[in-house]
Amino acid sequence: MPAAKPPEFRRRAVELARRREKPIGQLAADLGIAESCLRRWLKADDTSASPARPTQALTSDERAELVRLRRENRVQAMEIEILKRASAYFARENVLPNPK
C-alpha cells in the first residue's frame, strides 16, 4: 500500500484539479497518484468544509454521529423488546386463578 500523502499535498492536488487546466487522469499521473485517489479527495473536499455543499452530502463528523446514533437506536430497540417480553412473562405468572 502506498504511503499516505500529507494534507497539504492533498489540498494542493484538489486545487489543481478544480482549475481544470488538465484532465484529472493526466493530473493524477503527473502527481504520481491514482486517478481514483484524486477523485476521492475531490469528493471528500466537496462534502467536508464547503459551506455551499449540497444538502444531501454529509461531513465526516456528521457521518460518524449518524453511525453512533444508529447504533444507539439498535441497542435501545433491543432493550425495549427484552423489556416487553419480560413484562409479558411476569404478567402471566401473576395472573390469579379464578375462584370457583
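Look up a bit, the structure's there.
Residues numbered from 1 in each chain as written. Predicted model: local features only at pLDDT ≥ 70, side-chain atom pairs only at ≥ 80, totals over all residues. Heavy atoms only, no water.

Draft legend 1. Here's a closer look at the environment of Leu38. As for its position among the elements, Leu38 is in helix α3 (residues 35-48). We classify Leu38 as buried; its relative accessible area is 0%. Sequence separation between Leu38 and Val14 is 24 residues; the distance between their C-alpha atoms is 7.3 Å. With residues up to four places along the chain from it excluded, the contact list for Leu38 reads Ala13, Ala17, Ile24, Leu27, Ala28 and Ile33. (Helix = DSSP H or I, 4+ residues; strand = E, 2+ residues; numbered from the N terminus. Buried < 20%, exposed > 50% of the residue type's maximum accessible area, 1.4 Å probe, protein only. Contact = heavy atoms within 4.5 Å.)

Draft legend 2. Just unusual backbone geometry, in detail. Positive phi, close to 60 degrees, is recorded for Arg20, a residue that is not glycine. Here Arg20 shows up in the loop between α1 (7-19) and α2 (24-31). Accessibility expressed as a relative area gives 71% for Arg20, which makes it exposed.

Draft legend 3. Examining the pattern of salt bridges more closely. In total, this model carries eight salt bridges according to the counting rule given. The salt bridge involving Glu15 is made with Arg11; its shortest N-O contact spans 2.1 Å. One end of the pair, Glu15, and the other, Arg11, are both in helix α1, four residues apart, so they sit about a helical turn from each other. Its relative accessible area of 33% is what places Glu15 among the partly exposed residues. The partly exposed category is assigned to Arg11, whose relative accessible area is 40%. With a closest N to O distance of 2.7 Å, Glu72 and Arg68 form a salt bridge. Placement of both Glu72 and Arg68 in helix α4 (residues 60-93) is noted, with a separation of four residues, approximately one turn of the helix. Among the residues examined, Glu72 registers a relative accessible area of 37% and is labelled partly exposed. Within this structure, Glu8, Arg11, Arg12 and Glu15 form a network of salt bridges that share partners. (Salt bridge = Lys/Arg side-chain N within 4 Å of Asp/Glu carboxyl O.)

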